[in-house]
Amino acid sequence: MNFFRHRPAGLPALALLIAVAGCSSSDDSARMAVPTPDTKTAGLCRSLHRVLPKKLDGRSRNDPEPRSAYTAGWGSPAIILRCGVTRPPKMVDPKVAEGNDPKAMTGGVNGVEWLMEIEGDGTYRLTTANREAYVELVLPKKLAGQDHSAAVLTGIAASVKKAIPEGIASMT
């Protein structure tokens, strides 16, 4: 069962969670591992990599090391994108789908559905839902607020829609 299709969330609910959660604290120096997607997902991720914006929320592209077609970054502290990640456990958590988890919520921005999780260190982890590959964005604590989160999701939506078709992502 797909919980995202049965919940009237959307941008207002996502914006509310972003606004409430924007006051956390942490160290922004976390490093991201490069995903190892299956063959089909790898092709989708390479397509996404080719159409990603040069700027996101006013920040220039600055891809992390090691360079990979499955990762991208913008600015410093960096907004990090990883394509081909595994499905987050909260994506199938009924508590999230029912709106009863204060650290996670679902919503859509410009035709792309997202699961937003507030991590313990104050970062936001946003993962696409209802797409043939999972795409994750991590916003560092300094950018984890309503203005930046909405701008980032709006700025990346066209690329995701162009490269990653709607559907069910592979579980491998």
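We now turn to the structure provided with this report. All values derive from a computational prediction rather than experimental measurement. (Residues numbered from 1 in each chain as written. Predicted model: local features only at pLDDT ≥ 70, side-chain atom pairs only at ≥ 80, totals over all residues. Heavy atoms only, no water.)

**A short note on the overall build of the chain**
From N to C terminus, the chain includes four helices and eight strands. Sequence-ordered secondary structure for the chain, helices as α and strands as β, is α-α-β-β-β-β-α-β-β-β-β-α. The burial tally for the chain puts 48% of its 172 residues in the buried class. As displayed, the chain offers around 8,300 Å² of accessible surface, 53% of which is attributable to carbon and sulfur atoms. (Helix = DSSP H or I, 4+ residues; strand = E, 2+ residues; numbered from the N terminus. Buried < 20%, exposed > 50% of the residue type's maximum accessible area, 1.4 Å probe, protein only. Areas by Shrake-Rupley, 256 points an atom, 1.4 Å probe, with all protein chains shown as cover.)

**Overview of the nonpolar core**
For soluble globular proteins, the rule of thumb is that nonpolar side chains tend to be buried together. Counting 32 residues, the largest nonpolar core has L48, L81, L137, I156 and I164 as its most contacted members. Looking at this core, the elements with two or more residues in it are α2 (39-51), β3 (71-74), β4 (79-83), β6 (112-118), β7 (124-129), β8 (135-139) and α4 (146-163). Broken down by element, this core gets its largest block of residues, six residues, from α4. Each residue touching I164, except ones within four places of it in the same chain, is listed here: L44, C45, L48, C83, R131, E132, A133 and V135. By size, the runner-up hydrophobic cluster in this structure holds eight residues, among which are M91, A104, Y134 and A169. (Core = buried A, V, L, I, M, F, W, Y, C linked by side-chain atoms within 4.5 Å. Contact = heavy atoms within 4.5 Å.)

**Some words on the side chain of D101**
Considering the arrangement of structural elements, one finds D101 in the loop between α3 (94-97) and β5 (104-109). Filtering out sequence-adjacent residues up to four positions away, D101 remains in contact with K90, D93, K95 and V96.

**Some points on the state of the cysteines**
Summed over the entire model, instances satisfying the criterion amount to one disulfide. The disulfide bridge from C45 ends at C83, spanning 2.1 Å between sulfur atoms. In this structure, the disulfide formed by C45 and C83 twists by about -80° around the S-S bond and is classed as left-handed. Separated by 38 residues along the polypeptide, C45 in helix α2 and C83 in strand β4 bring together distant segments of the chain. Accessibility expressed as a relative area gives 1% for C83, which makes it buried. (Disulfide = S-S within 2.5 Å.)

**Some points on the pattern of salt bridges**
Here the structure, examined in full by the defined rule, presents nine salt bridges. Of the charged contacts in the structure, one is a salt bridge between R61 and D63, with a shortest N-O distance of 2.6 Å. Judged by relative accessible area, which is 27%, R61 ranks as partly exposed. By relative accessible area, D63 is classed as buried at 17%. A salt bridge links E119 to R125, with the shortest nitrogen-to-oxygen separation between them at 3.2 Å. For R125, a relative accessible area of 21% translates into the label partly exposed. (Salt bridge = Lys/Arg side-chain N within 4 Å of Asp/Glu carboxyl O.)

**Focus: the environment of P37**
Inspection of the secondary structure assignment puts P37 in the loop between α1 (11-21) and α2. Look at P37 and you get buried, because its relative accessible area is 16%. In the structure, P37 is positioned 134 residues away from M171 in sequence and 9.9 Å away in space, judged by C-alpha atoms. When near neighbours in sequence (up to four residues on either side) are disregarded, P37 contacts A42, Y70 and G84.

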